[in-house]
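Each chain is listed here by its residues.
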Amino acid sequence: MFQLSRTLHRCRNRPRIRLVSTWTPLATAFNSPPARRINFTRDDVGLFRMPELRSFEGFYLLRDNVESRTQELITEAVSEQRQRKMVDIFDELSDSLCKVADLAEFVRIAHPQSKYTQAAEQACISICGVVESLNTHKPIYQALSRVVERGDYLPTTEVDRHVARLFLFDFEQCGIHLPEEERLRVVRLNDYILQLGQKFMSGAVQPSVFPRSQVPEPIRNYFPTSGDNVIITGLCTNAENVQMREAAYRLYLQPSESQEDLLRDLLLCRHELARSCGFETYAHRALNGSTMEKPEVVREFIDELSEKLRPRADADFARMTQMKRQESGQAKAIVEVWDTPYFTTQLRRQSLEEQANEFLPYFSLGGCMEGLNNLLQSLYGVRLENVEMEPGESWHNDIYKLAVVHEVEGLLGYIYCDFFERSGKPNQDCHFTIQGGKRLPDGSYQLPVVVVMLGLAQPRWSGPTLLSPARVDNLFHEMGHAMHSMLARTEHQHVTGTRCSTDFAEVPSVLMEYFAGDPRVLRTFARHFQTHEPISEDMLSRLCASKHLFAASETQLQVFYSALDQEYHGAEARHGGSSTETLRAVQSRYYGLPYVENTAWQLRFSHLVGYGAKYYAYLVSKTIASWIWQTYFEANPYNRQAGEKYRAEILAHGGAVPSRKLVANFLQREMTPSVLADSLIKEIDADESKIRDLMVSRS
């Protein structure tokens, strides 16, 4: 039932954007080591200001409370004297469970104290048990099903009916609507799929180990050894030695019989699960309710984009081949799959004269936060306020708390910033929902609470944390997710903010990367952390250009990955054939560089577990974000009218309106595969033209 959540030119009428010359209080806070808070007098308020979590034992109380409330809501839902809309009861049920499950999941992986992590893990297990019980509760399913099929006897809106259908779909993925024997088979398949995925993920990151005798001596010296074994832990994509790049690729990606068996069984079980639940393939099941809606539409988009990309990607590979011949002195050398990241880096250094770490001093964390704040104020009338936390509110002493405040609406929500690396903390950049927003019965709004997690270096007394351009992109990306949650104003928490289809959830975050790559935005805050001197126009031009080098071939690689994922989860999955033979065929059709014999990189493609049949989502999100950027913000990234329209017509709705409808209405054009492909090609061509002009001007 519930899937727990997880350009440099002047513009007329451009608003005056204040350039940072001295640090504001917000920038100063983020440019300083977080103050260690010592409490002598005030009582702890509890983690996230939840009184129950003054101690780790509070998780047991939260668990007991939600279990009790769940039973009350079940009784209400099946009662013939029900006084509330069915969707409201289900949303409160979802909200109650998610408040504990989402909180516990975050604390489980992020809290430094084992007592909290263990209590949180037990809470996660308990909530999963409650959900499993709900997923077999036929009376509540039948009550919801009757409302979806016949309508509620209480007045409902189209949004109510859409959300009710989402609840019903989630319910039926567990097979509750099936005969008991078939339902139990669905349960077993789901359990087996989970186990297979965990084993495949573990195997995907294991190093390749070979006896020294099996590795030629010239190659052996490139890699670490352990006793009589040679250990290859990764691809060495940026190694200057071409033999080392090739050897790492061939050895690290050698076929593994155990991984092949796991992947084959995973794909076959997913296919059987989809068939049991009434879908033609697993891809049809995964795409139900998505922006693209059906795998046939995804395939059409992939094919359209692939055809348009091929000559452009071929030009990229020809350029790389030329670079390889110049570097190696071999007139017949050709670029191979293990070369592409290396020559992208080389082009940055040679043509754009990019030096290692040259941009770092201009992107202090505080400066970047101030740049974000300026942007949000200009687009939405929203400011970020660093607020002091109460004793016991945070899980570590290096956390910042931001209040998101609208100039008219007031407080919109809170963002906790867990930005710095520490022992035991996951090394990943991500966004966690702690509490989803929703309209409450008294008309007030339940404020969203989120955590943005990064892995930045700790600031020192000698200077602030400095960000590379890639880190700046990541910061804007994750804050894009956070602001999706903050700016949404949905009736139901089940569809608030990022709780929408996978191929739409990334659109707001990817769109923020466009702002992070625009010189007009960067110019407002990119200043040396010591001298406050603005970044030079030359550096700014080179930085922005460097983000788009070989964009056609990189996009073609994403098309190839997406096509392979769709093929694995299509009709052929039922045959259980060789995943490598499928890879060979798909690579020949969709990628400009050939398959390398006796390799099987798909057996290390861990995204097949978490994004099965949905890997295309990044490509589609990128395309929609590009289309929105070109239509509304490319002419002026600080356009308030465009920002307000974007919030009102896209961000405010979360997943309460089908995303395909949102996009079509916002862009005033039907979202066909051809239109999407043309939008991305237009961007690639424009960026390539800018890069070419810049290189000519520097030659």
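Residues numbered from 1 in each chain as written. Predicted model: local features only at pLDDT ≥ 70, side-chain atom pairs only at ≥ 80, totals over all residues. Heavy atoms only, no water.

1. Points about the overall build of the chain
Then, in step 1: From N to C terminus, the chain includes 26 helices and 10 strands.
Then, in step 2: Taken against the 2.2 N^0.38 rule, which gives 27 Å for 699 residues, the C-alpha radius of gyration of the chain at 26 Å falls within 12% of a compact globule.
Then, in step 3: Expressed along its principal axes, the backbone C-alpha trace of the chain runs to roughly 85 × 65 × 55 Å.
Then, in step 4: A burial count over the chain gives 55% of its 699 residues as buried.
Then, in step 5: As displayed, the chain has an accessible area near 30700 Å², and 49% of this comes from carbon and sulfur atoms. (Helix = DSSP H or I, 4+ residues; strand = E, 2+ residues; numbered from the N terminus. Rg over C-alpha atoms; globule rule 2.2 N^0.38 Å. Buried < 20%, exposed > 50% of the residue type's maximum accessible area, 1.4 Å probe, protein only. Areas by Shrake-Rupley, 256 points an atom, 1.4 Å probe, with all protein chains shown as cover.)

2. Some details on empty space enclosed by the protein
Then, in step 1: Approximately 80 Å³ is the volume attributed to the largest cavity.
Then, in step 2: Looking at the largest cavity, the residues that line it are Leu376, Tyr380, Gly480, Met483, His484, Leu487, Pro508, Leu511, Met512, Phe515, Tyr646 and Leu651.
Then, in step 3: When its residues are assigned to classes, the lining of the largest cavity shows 10 nonpolar, 2 polar and no charged. (1 Å grid on protein atoms, 1.4 Å probe; cavity = no way out; pocket = protein on both sides within 12 Å on 5 of 7 lines; lining within 4 Å. Points joined across faces, edges and corners; volume = space filled by probe spheres on them. Nonpolar A, V, L, I, M, F, W, Y, C, P; charged D, E, K, R; others polar.)

3. Here's the deal with the nonpolar core
Then, in step 1: By size, the foremost hydrophobic cluster in this structure holds 161 residues, and its most contacted members are Phe363, Met369, Ile415, Phe419, Leu475, Ile628 and Phe633.
Then, in step 2: Among all residues touching Ile628, those that are not within four sequence positions of it are Val507, Leu511, Phe633, Tyr646, Phe666 and Leu667.
Then, in step 3: If you look at the next biggest cluster of nonpolar residues, it comprises 55 residues, including Ala104, Ala110, Tyr141 and Leu144. (Core = buried A, V, L, I, M, F, W, Y, C linked by side-chain atoms within 4.5 Å. Contact = heavy atoms within 4.5 Å.)

4. Observations concerning the environment of Gly655
Then, in step 1: Here Gly655 is to be found in the loop between helix 24 (640-649) and helix 25 (659-667).
Then, in step 2: What makes Gly655 buried here is its relative accessible area of 9%.
Then, in step 3: Residues Gly655 and Ser351, 304 residues apart in the sequence, show an inter-C-alpha distance of 44 Å.

5. Digging into the sheet that holds strand 5 (residues 400-406)
Then, in step 1: If you walk across this open sheet you meet the 5 strands as 4-5-6-10-7, and the pairing is mixed. Strands at the two margins of the open sheet, each flanked by one partner only, are strand 4 (382-386) and strand 7 (430-435). Direction aside, neighbouring strands of the sheet carry axes that sit 25° apart on average.
Then, in step 2: Against the sheet, helix 3 (residues 86-110) touches strand 6 (410-420), strand 7 and strand 10 (449-456), its axis set at about 135° to strand 7. (Pairing = 2+ DSSP bridges. Axes fitted to C-alpha atoms, helices over the stretch in contact; angles between N-to-C directions.)

6. Observations regarding the side chain of Gln493
Then, in step 1: Summarising the element assignment, Gln493 is placed in the loop between helix 15 (469-487) and helix 16 (502-505).
Then, in step 2: For Gln493, a relative accessible area of 1% puts it in the buried group.
Then, in step 3: For Gln493, the side chain forms a polar contact with the side chain of Arg499, separated by 2.3 Å.
Then, in step 4: Residues contacting Gln493, with those up to four places away along its chain left out, are Asp91, Ser94, Asp95, Cys98, Gly436, Gly437, Lys438 and Arg499. (Polar contact = N/O pair within 3.5 Å; in protein donor to acceptor, adjacent residues only side chain to side chain.)

7. Looking at the side chain of Gln558
Then, in step 1: For Gln558, the position within the fold is in helix 20 (residues 551-568).
Then, in step 2: When near neighbours in sequence (up to four residues on either side) are disregarded, Gln558 contacts Tyr615, Tyr618 and Leu619.

8. Quick look at the confidence of the model for the chain
Then, in step 1: With 96% of its residues at a pLDDT of 70 or more, the chain has an overall mean of 93.
Then, in step 2: Contacts for the low-pLDDT stretch residues 4-20, under 50 throughout, to residues beyond four places or in other chains number 41 contacts. (pLDDT = per-residue confidence, 0-100.)

9. Structural notes on the packing of aromatic side chains
Then, in step 1: Within the structure shown, the criterion is met by 34 aromatic pairs.
Then, in step 2: Taking 5.8 Å as the distance between ring centres and 75° as the angle between the ring planes, the aromatic pair formed by Tyr561 and Tyr615 counts as edge-to-face. Of the two residues, Tyr561 sits in helix 20 while Tyr615 sits in the loop between helix 22 (607-610) and helix 23 (616-633), which places them 54 residues apart along the sequence.
Then, in step 3: Classification of Tyr561 by relative accessible area gives buried; the value is 18%.
Then, in step 4: Taken together, the ring pairs connect Phe317, Phe560, Tyr561, Tyr591, Trp601, Phe605 and Tyr615 into an aromatic cluster.
Then, in step 5: Sitting above the plane of the Tyr342 ring, Arg245 keeps its charged end 4.1 Å from the centroid.
Then, in step 6: Over the face of the ring belonging to Tyr252 we find Arg604, whose NZ or CZ atom lies 3.6 Å from the ring centre. (Phe/Tyr/Trp six-rings, centres within 6.5 Å; stacked < 30°, edge-to-face > 60°. Lys NZ or Arg CZ within 6 Å of the ring centre and 35° of its normal.)

10. So, the pattern of salt bridges
Then, in step 1: Applying the stated criterion across every chain, the model contains 45 salt bridges.
Then, in step 2: When the shortest N-O distance is used, the salt bridge between Arg299 and Glu567 registers 3.3 Å. Of the two residues, Arg299 is situated in helix 12 (residues 295-328) and Glu567 in helix 20; the sequence distance between them amounts to 268 residues.
Then, in step 3: Taking the relative accessible area as the measure of exposure, Arg299 reaches 23% and is therefore partly exposed.
Then, in step 4: Through salt bridges with shared partners, a single ionic network connects Arg69, Glu72, Glu76, Arg84 and Glu92. (Salt bridge = Lys/Arg side-chain N within 4 Å of Asp/Glu carboxyl O.)

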